[in-house]
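Tertiary structure, described
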Amino acid sequence: MNPATVPPDPFGESVFFHASTDHDPGPRNWLPDSRVASVLLVGCLYFAFAVASILLSRPSGSMAMLWYANALGVALLQSRPDKDWGPLLAAMALGSLAAGQAVGDPVLLTLICIPAHTVEILLGGLLLRRCCVPAQCVSQAAALLKSLLLGGALPALFGALI
């Protein structure tokens, strides 16, 4: 399917192109309305997912191949307005640092990984916010593939380069 053969979207958007600048991130009621409470909750959730990622990879003795916390981070950014992203990213960085310390990883190793995680989350969030319509991402195969590539694969590639 190419852009010329895509059936019209009921919302007036193409599956392949979404250039809305006034994006409404959708329902936000599952995170607290208070910015401080949201930041604390996100930091704790990121910590829990980071610890789980580390412990699941620990038997192999290597770095975590799947960092579930970054997927959570991208999803959380999609649920919040752009102005909240800075504090949320900072909370995720602190959650990552705390997770590394909780499982006994060297501080330097944890500090080296934090910029890569932050870039992955930020890039995934920006690409999804700019190029994907959330309702279509779960209802159309092409939109789902696009969201997986833009929100997961491409940011992971850039994060690996750091």
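Residues numbered from 1 in each chain as written. Predicted model: local features only at pLDDT ≥ 70, side-chain atom pairs only at ≥ 80, totals over all residues. Heavy atoms only, no water.

Description of the overall build of the protein
In plain terms, the rule: Helical segments are the DSSP runs of H or I of at least four residues, strand segments are the runs of E of at least two, and each set is numbered from the N terminus. The buried label applies to any residue whose accessible area, calculated with a 1.4 Å probe on protein chains only, is under 20% of its type's maximum; exposed applies above 50%, and partly exposed to all values in between. Note on areas: these come from Shrake-Rupley sampling with a 1.4 Å probe, and a residue is covered only by the protein chains present in the view.
The number of helices and strands found in the protein is six helices and zero strands. Starting at the N terminus and walking to the C terminus, you meet the elements of the protein as α-α-α-α-α-α. A burial count over the protein gives 40% of its 162 residues as buried. With the model as given, the accessible surface of the protein reaches about 9,100 Å², and the carbon-plus-sulfur share is 73%.

What about the packing of helix 1 (residues 35-57) against helix 2 (residues 68-78)?
Rules: Under this scheme, a helix contributes an axis fitted over its contacting stretch, all axes are lines through C-alpha atoms, and angles between N-to-C directions fall in the 0 to 180 degree range. Roughly parallel refers to an angle under 35 degrees, roughly antiparallel to one over 145, roughly perpendicular to one between 65 and 115, and oblique to any angle outside these ranges. In this description, contact between two residues means that some pair of their heavy atoms is separated by no more than 4.5 Å. Three residue categories are used. Nonpolar comprises Ala, Val, Leu, Ile, Met, Phe, Trp, Tyr, Cys and Pro, charged comprises Asp, Glu, Lys and Arg, and polar comprises the others, including Gly.
At a closest axis distance of 7 Å, the pairing of helix 1 and helix 2 adopts a crossing angle of 155°. When the axis of helix 1 is compared with that of helix 2, the two are roughly antiparallel. Along the contact surface, helix 1 presents Val42, Leu45, Tyr46, Phe49, Ala50, Ser53 and Leu56, while helix 2 presents Tyr68, Ala69, Asn70, Leu72 and Leu76. A per-class count over the contact of helix 1 with helix 2 returns ten nonpolar, two polar and no charged.

Re helix 4 (residues 107-131)
For the record, the criterion: In this analysis, the expected span of each helix is defined as 1.5 Å times one less than the number of residues it contains.
In this model helix 4 runs 36 Å from its N-terminal to its C-terminal C-alpha over 25 residues, within 8% of the 36 Å that 1.5 Å per residue would give. Every buried residue belonging to helix 4 is among Thr110, Cys113, Ile114, Ala116, His117, Glu120, Ile121, Gly124, Gly125, Leu127, Leu128 and Arg129, and all of these are buried. In this structure, the buried residues of helix 4 make contact with helix 1, helix 2, helix 3 (85-102) and helix 6 (141-161).

Topic: the side chain of Ser57
What counts, and what does not: Side-chain atoms alone can form a polar contact between residues adjacent in sequence; in general such a contact is a pair of N or O atoms within 3.5 Å, and within protein one must be able to donate a hydrogen while the other accepts it.
Turning to its location among the elements, Ser57 is positioned in helix 1. There is a polar contact of 3.3 Å between the side chain of Ser57 and the backbone oxygen of Ser53.

Details of the pattern of salt bridges
Operational definition: Salt bridges are defined by distance alone: a side-chain nitrogen of Lys or Arg within 4 Å of a carboxyl oxygen of Asp or Glu.
Taken as a whole and assessed by the stated rule, the structure comprises three salt bridges. Two residues, Arg35 and Asp84, come together in a salt bridge whose shortest N-O distance is 2.9 Å. Remark: Asp84 occurs in the loop between helix 2 and helix 3 and Arg35 occurs in helix 1; sequence separation between them is 49 residues. The residue Asp82 makes a salt bridge to Arg129 at a minimum N-O spacing of 2.4 Å. Taken together, the positions of Asp82 in the loop between helix 2 and helix 3 and Arg129 in helix 4 put the pair 47 residues apart, joining distant regions of the chain. What emerges from the salt-bridge pattern is a single network uniting Arg35, Arg80 and Asp84.

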